[in-house]
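Each chain, written out:
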Amino acid sequence: DPETAEHKLKFCGRDDDSYDLARLIMGNVFVTLYGKSGIGKTSLLNAGVFPELREEQYAPVGIRLGMRDEEHPQSYQTMIIEAVERVAKKAETVNVIDEQKDQQSIDYLWNYFARHRFYDKYDEQTTPVIVFDQFEEVFRGHRNEAEILLRQLDYLNDKDHALDNSDVDGQIYRYEQNFRFVVSIREDDLYRLEDSIDNCYLPALKRCRYRLRSLSEEGARDAILI
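To start, this report covers the structure provided alongside it. Here the structure is a predicted model, which means the values were calculated and not measured.

### What about the pattern of salt bridges?
Oppositely charged side chains are able to pair whenever their charged atoms sit close together.
Stage number 1. Enumeration according to the criterion identifies 15 salt bridges in this entry.
Stage number 2. Of the charged contacts, one joins arginine 211 and glutamate 187 as a salt bridge, the two residues approaching to 3.2 Å between their closest N and O atoms. Taken together, the positions of arginine 211 in strand β9 (residues 209-211) and glutamate 187 in the loop between β8 (180-186) and α6 (190-200) put the pair 24 residues apart, joining distant regions of the chain.
Stage number 3. Given a relative accessible area of 31%, arginine 211 falls into the partly exposed group.
Stage number 4. A salt bridge links glutamate 194 to lysine 206, with the nearest nitrogen and oxygen atoms 3.9 Å apart.

Shown next as structure tokens:
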């Protein structure tokens, strides 16, 4: 990621993928990126897609849910909220509805996003993009937690859960989908995600997918020569 990397390197060979995936993310709440192990999904996201998103007033952040401390495990929901508040320079609470405190409730994440506005370092409103890197890890011993999370993401993905215009402190507030989620998963493990989606009956989570293929000859040439 050029914003955090110590050494600024030029990312080459994936210009079309960076542009196309960034636009898919901006236009959809939930996107799945998949491809063979080692093909460059993480590099594409960090070095290619994240800069594209920042130019459009989005705030991307990557987390690995499978890397939590097993001695003091956080819930996936806590990890997500901490990641959002790390990437957004300010999270303003809007008391438009009562706070949902049950992290297992299907509307927990929806409630959190509905009650917050997010701002960047310039105090401009921004949209967090939460990227779950190596999502296949969550299915190894934590399938039930993973399926609770998928149900919550599906609830967020449903536009019918938007709030009508409300009066908050004398100002009109309308809750919109002020978030994006990206699941990055190995192609060999995609069936694990498929099984959980089918098990929970969440067909909407199958709609927006992007398969990362091997570099084209032109892309490989750019990566070597540039």
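Picking up where we left off.
### Some words on the sheet that holds strand β2 (residues 58-63)
Where strands meet in a sheet, backbone hydrogen bonds hold them as pairs that are either parallel or antiparallel.
Stage number 1. Read from one edge to the other, the open sheet built from 5 strands follows the order β2-β5-β8-β1-β9, with strand pairing classed as parallel. Strands with a single pairing partner mark the edges of an open sheet, and in this sheet they are β2 and β9. Mean inter-strand twist for the sheet, computed between neighbouring axes without regard to direction, equals 20 degrees.
Stage number 2. When strand β1 (residues 30-35) meets β8, the two strands line up parallel, connected through 6 bridges. Within β8, the residue paired with glycine 35 across the bridge is arginine 186.
Stage number 3. Contacting β2, β5 (127-132) and β8, helix α3 (residues 76-87) crosses the sheet at an angle of about 135 degrees to β2.

The rules behind each value
Residues numbered from 1 in each chain as written. Predicted model: local features only at pLDDT ≥ 70, side-chain atom pairs only at ≥ 80, totals over all residues. Heavy atoms only, no water. Salt bridge = Lys/Arg side-chain N within 4 Å of Asp/Glu carboxyl O. Helix = DSSP H or I, 4+ residues; strand = E, 2+ residues; numbered from the N terminus. Buried < 20%, exposed > 50% of the residue type's maximum accessible area, 1.4 Å probe, protein only. Pairing = 2+ DSSP bridges. Axes fitted to C-alpha atoms, helices over the stretch in contact; angles between N-to-C directions. Contact = heavy atoms within 4.5 Å.

On their own, these measurements won't tell you what the molecule is for.
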